[in-house]
Amino acid sequence: MSLIVPDFDECVVVRSADAEVIGRAPTTIRLLADSSSTGGALSTQRVSLTNGADGARPHHHSRSAELFYVLDGTAQLLSGEQLVTAERGDLVIVPPGLAHAFAAAPGEDADILIVITPGVERFEYFRHLERIAYGKVPPESLLEVQELYDTYFLDSATWSGARG
């Protein structure tokens, strides 16, 4: 087990109005703090999903845990082979290496604060996802950057069965 010692010495304050927003309804991502601004401690974003929208398909991180805190609404999360329904105020933490995915529960909205620790530079990953959504790069281009963003995609029968 290794200890991550964050290397930053100033308070990080991100005003809502100043946060970069990626995407548009039904999936909006507000970029809050990247690993470089927290000395490697964490990276965090707020994801708003409407009307049962998907957040992230099944994947795992080999070096980081991921925390999901439901600010409002109802989310559906995959954690390994377990399907978790989380509501406002619920917290789900997925350890490194465990398959996970998230979405708004069918027919519901979800507003989720996501924290990855130790941090991984993720802002460019979300910008890459936006380029895919707008057809500027093919979806397969994510396979080329899996290691860079410590995000490895996989199939999950449990998730596929739950999400249709």
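All of the points below concern the structure found in this document. Treat the numbers as computed from the prediction; the structure is a model and nothing was measured.

**Topic: the nonpolar core**
Point 1. One finds Leu49, Phe68, Leu77, Val92, Phe102 and Ile112 to be the most contacted residues of the largest nonpolar core, which totals 28 residues.
Point 2. Those elements that place two or more of their residues in this core are strand 2 (27–33), strand 3 (43–49), strand 5 (65–79), strand 6 (82–87), strand 7 (91–94), strand 8 (100–104), strand 9 (110–117) and helix 1 (123–133).

**Observations regarding the packing of aromatic side chains**
Point 1. Per the stated rule, a full pass over the model turns up 3 aromatic pairs.
Point 2. Seen from their ring centres, Phe68 and Phe102 are 5.4 Å apart, and the 50° between their planes marks the pair as tilted. Within this pair, whereas Phe68 is found in strand 5, its partner Phe102 is found in strand 8, the two being separated by 34 residues in sequence. As far as the burial class goes, Phe68 and Phe102 line up, both buried.
Point 3. Measuring from centroid to centroid gives 5.5 Å for Tyr125 and Tyr149, while their planes differ by 55°, and the two rings are tilted. With Tyr125 in helix 1 and Tyr149 in the loop between helix 1 and strand 10 (152–153), this residue pair connects regions lying 24 residues apart in the sequence.

**Side note on the side chain of Ser156**
Point 1. Within the secondary structure, Ser156 sits in the loop between strand 10 and helix 2 (157–163).
Point 2. Here Ser156 falls in the buried class, since its relative accessible area comes to 5%.
Point 3. Those residues in contact with Ser156, other than ones at most four positions away along the chain, are Pro58 and Leu78.

Rules and cut-offs
- Residues numbered from 1 in each chain as written.
- Predicted model: local features only at pLDDT ≥ 70, side-chain atom pairs only at ≥ 80, totals over all residues.
- Heavy atoms only, no water.
- Core = buried A, V, L, I, M, F, W, Y, C linked by side-chain atoms within 4.5 Å.
- Buried < 20%, exposed > 50% of the residue type's maximum accessible area, 1.4 Å probe, protein only.
- Helix = DSSP H or I, 4+ residues; strand = E, 2+ residues; numbered from the N terminus.
- Phe/Tyr/Trp six-rings, centres within 6.5 Å; stacked < 30°, edge-to-face > 60°.
- Contact = heavy atoms within 4.5 Å.

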